[in-house]
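One-letter residues, chain by chain:
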Amino acid sequence: AVSEISLGLGKMRTQGNPQGLACISGRPRSSMIELWRQFFQAHGSPNLYQMPSHADSLKLASMLTFGQSVPPVFALERAGYVLSFGANMLGGWGAPGRMQSVFGHWQEDQPGIAPPKIVQIDSRLSLTATKADEWVAVKPGAQSALALGIAHVMIKNELYDTNFMANRVFGFEDWTDNYGNTRQGFKNLVLENYTPQKVAESTGVAVAQIEEIATQFAARENAVAVWGEDSGETPNNIYSDLCFLALNLLKGNMRTVGMVSLEPQVPLAPLPQVQYDEWAQQGLQQPRLDLTQSKQVPLPGNNLYAFLDTLNRGEAPYSIEMLMIHEANPVYSLPETALVQDALKKVDRIVTFTSYMDETAVQADLILPNHMSLERYDDIIGLPGAPYAYYAVSSPILQPRLNTMHTGDFMLTVAGKMGGTVKGSLPWKNYESYLKSRVEGLVSAGTGAVADKPGVKPWSL
């Protein structure tokens, strides 16, 4: 398999089609995605994609709001009031282990500190709704409208952080663009279109309850609004993300030490500079296949749906000769499975790295069985929704039972076989040494703590 893949990739490069390699990865918070990026840059293909998740729309909302493509995080450990729009915090939302810890922290007796009030806005009686102080039943799909109804009450009654909105936020008031046109600001948009009476009709939540929630959210110290589905495997409606972010802005939660911030980066060591040969430079000059039909892509850098649609329509400017799929099952997980299956038929060769004979593996031309989780080195970079940088690494506790191979070891072996600048850009002898090189950045940072004892509270460090 190593020889077959390395020879095939080398042939693609020498024949002038390095961009004909594509990959779909299902491990966004692992060092494997950085290894894939390094390999694809050295090989000369721009077509590296990830399975969609809520982080995609959160990054876009942050880009539109703050100018940085980094998802927001929430200081729930310090919360005094939590307004949850469908975030099933006890049912898999964010990082489940962290949320269990947060709920335990909320139940602790703290002298002089009242426990936070949890208000769950949900169309069903979820696990979190059963444990919340208040469950607000709302019509399905109407949560963002309710958020704007709450914003209406806060703005009309001047219950928002006026200093923060006036000095730190652009677009709240009406404004004039460079062409002299008057643009409606968020304030007047909400006041005109989202009165409590209108919102009550569309959401099923009574006017009095909307006003009560708005008053409490504005008055309580360290109040924060959170949102999202259970597992976070589906991008949210971008407009909904912006509505919920707006509530936190009205509360002034984006201050320097506020309840909402952008996800901090783990100080891992950077990878070595990629070495580009003539073939790599040629391939990287070609357009990504998710960019061929639109100049303004909704989800920049990870528009997997547009990539599959381009393949299915047969409108790609070049052919995809090999599609690698790493620990992902798009045939089962993505909507419109017929579209996915038809797109896969347009690929010359499908190579899947998986530990299971799933629906995608059945359609692959070559299956490269990955080690099971207890048989391999692995890591996690960051926790969804957590306001502190987090890194965890696991070592194998079982010997591989079958003829399997770590995907990272396979790709490093292939790079070594290909030689040249590809090998030079991926100099590690195996995946373990690659992880060790990344962890050197944590040592150099000289900050943080090692959670080698139970009870470590990273939010208090």
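Above this text sits the structure in question.
Residues numbered from 1 in each chain as written. Predicted model: local features only at pLDDT ≥ 70, side-chain atom pairs only at ≥ 80, totals over all residues. Heavy atoms only, no water.

K.L.:
Any details on the nonpolar core? Residues and values, ideally.
P.N.:
Among the nonpolar cores identified, the biggest contains 62 residues, and Leu-76, Leu-83, Phe-85, Met-89, Ile-150 and Leu-247 are the most heavily contacted of them. The leading source of residues in this core is helix α6 (residues 143-156), at eight residues. Counting 38 residues, the second largest nonpolar core, distinct from the first, contains Phe-40, Ala-42, Met-411 and Val-414. (Core = buried A, V, L, I, M, F, W, Y, C linked by side-chain atoms within 4.5 Å. Buried < 20%, exposed > 50% of the residue type's maximum accessible area, 1.4 Å probe, protein only. Helix = DSSP H or I, 4+ residues; strand = E, 2+ residues; numbered from the N terminus.)

K.L.:
So what's going on with the side chain of Ser-84? Which residues, and what values?
P.N.:
Its place among the elements puts Ser-84 in strand β4 (residues 81-85). In contact with Ser-84, not counting residues within four places along its chain, are Met-89, Val-119, Gln-120, Ile-121 and Val-226. (Contact = heavy atoms within 4.5 Å.)

K.L.:
Tell me what's going on with the sheet that holds β4, and back it up with residues and numbers.
P.N.:
Overall, parallel pairing links the four strands, which are arranged β6-β5-β4-β9 in an open sheet. Here the strands that pair on one side only, and so sit at the sheet edges, are β6 (134-137) and β9 (223-227). Ignoring strand direction, the axes of neighbouring strands in this sheet form an average angle of 15°. Judged from the five bridges that link them, β4 and strand β5 (residues 117-122) form a sheet pairing that is parallel. By the bridge assignment for β5, Ser-84 is matched with Gln-120. (Pairing = 2+ DSSP bridges. Axes fitted to C-alpha atoms, helices over the stretch in contact; angles between N-to-C directions.)

K.L.:
Tell me what's going on with the layout of surface pockets, and back it up with residues and numbers.
P.N.:
Taken as a whole, the second largest pocket holds about 1100 Å³ of empty space. Taken together, 30 residues form the lining of the second largest pocket, with Tyr-388, Ala-389, Tyr-390, Ala-449 and Pro-458 sitting closest to its centre. When contributions to the lining of the second largest pocket are tallied by element, the ones reaching two or more residues are α4 (96-107) and α19 (431-445). Top contributing element to the lining of the second largest pocket by residue count: α4, with four residues. Here the residues of the lining of the second largest pocket sort into 21 nonpolar, five polar and four charged. (1 Å grid on protein atoms, 1.4 Å probe; cavity = no way out; pocket = protein on both sides within 12 Å on 5 of 7 lines; lining within 4 Å. Points joined across faces, edges and corners; volume = space filled by probe spheres on them. Nonpolar A, V, L, I, M, F, W, Y, C, P; charged D, E, K, R; others polar.)

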